[in-house]
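Residue strings, one per chain:
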Amino acid sequence: MKKLILIVGSIFFLLCSTSTALAQDKMPTDMDSSLKESIYHKHKKEVWAYDKKDFDALFFEFFQKQNDINTKLSKEEYYTYTIKIAIYSEKYGMLYKDHKKEAQQTKKEWFDKKYSDYLESKK
């Protein structure tokens, strides 16, 4: 009986230690992912209410500011633009099912933009 309890206890210990090791948080590949996620959740409802005119204005404003040599967007400003564009792409894919794949790819591309690349382009 003691051997059985010892074996069961050992197996239980191994299972617990293995599951704890596997459950540990992994380091995100994108150091700004938490900022992007918070911006996404903060602006999702707002952007889902955009019509085409609102989106075009956002898109135009972003490219004007991005290409202006006298302006340097902060990290939060940059990600707010890129994530809003990603959210609109998500909305587009939901509205037009035949373009869902393209919209998902576009959303991913905008979500994957990096502030460091933007800063590099400003040099």
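Residues numbered from 1 in each chain as written. Predicted model: local features only at pLDDT ≥ 70, side-chain atom pairs only at ≥ 80, totals over all residues. Heavy atoms only, no water.

Asks: Break down the pattern of salt bridges for me, with residues and values.
Replies: According to the stated counting rule, one finds seven salt bridges in the structure shown. Where glutamate 61 meets lysine 65, a salt bridge forms, and the shortest distance between an N and an O atom there is 3.5 Å. Of this pair, glutamate 61 and lysine 65 are both found in helix 3 (residues 52-67), four residues apart, which corresponds to roughly one turn of the helix. Accessibility expressed as a relative area gives 31% for lysine 65, which makes it partly exposed. The partner of lysine 108 in a salt bridge is aspartate 112, with the nearest N and O atoms 2.7 Å apart. (Salt bridge = Lys/Arg side-chain N within 4 Å of Asp/Glu carboxyl O. Helix = DSSP H or I, 4+ residues; strand = E, 2+ residues; numbered from the N terminus. Buried < 20%, exposed > 50% of the residue type's maximum accessible area, 1.4 Å probe, protein only.)

Asks: Help me get a handle on the environment of alanine 103, residues and values and all.
Replies: In this structure, alanine 103 sits in helix 5 (residues 100-111). Residue classification places alanine 103 among the buried residues on the basis of a relative accessible area of 6%. Here the alpha-carbon distance between alanine 103 and serine 89, two residues 14 residues apart in the chain, equals 5.2 Å. Here alanine 103 is in contact with Ser89, Tyr92 and Gly93, once residues within four sequence places are set aside. (Contact = heavy atoms within 4.5 Å.)

Asks: Could you give me a rundown of the nonpolar core, with the residues and numbers involved?
Replies: Within the largest apolar cluster, 20 residues are counted, with the highest numbers of intra-cluster contacts made by Leu58, Phe62, Leu73, Tyr78, Ile83 and Ile85. Breaking this core down by element, the ones donating at least two residues are helix 2 (33-48), helix 3, helix 4 (75-95), helix 5 and helix 6 (115-121). Sort the elements by how many residues they give to this core and helix 4 lands first, with eight residues. The residues contacting leucine 58, other than those within four sequence positions of it, are Tyr50, Tyr81, Lys84 and Ile85. (Core = buried A, V, L, I, M, F, W, Y, C linked by side-chain atoms within 4.5 Å.)

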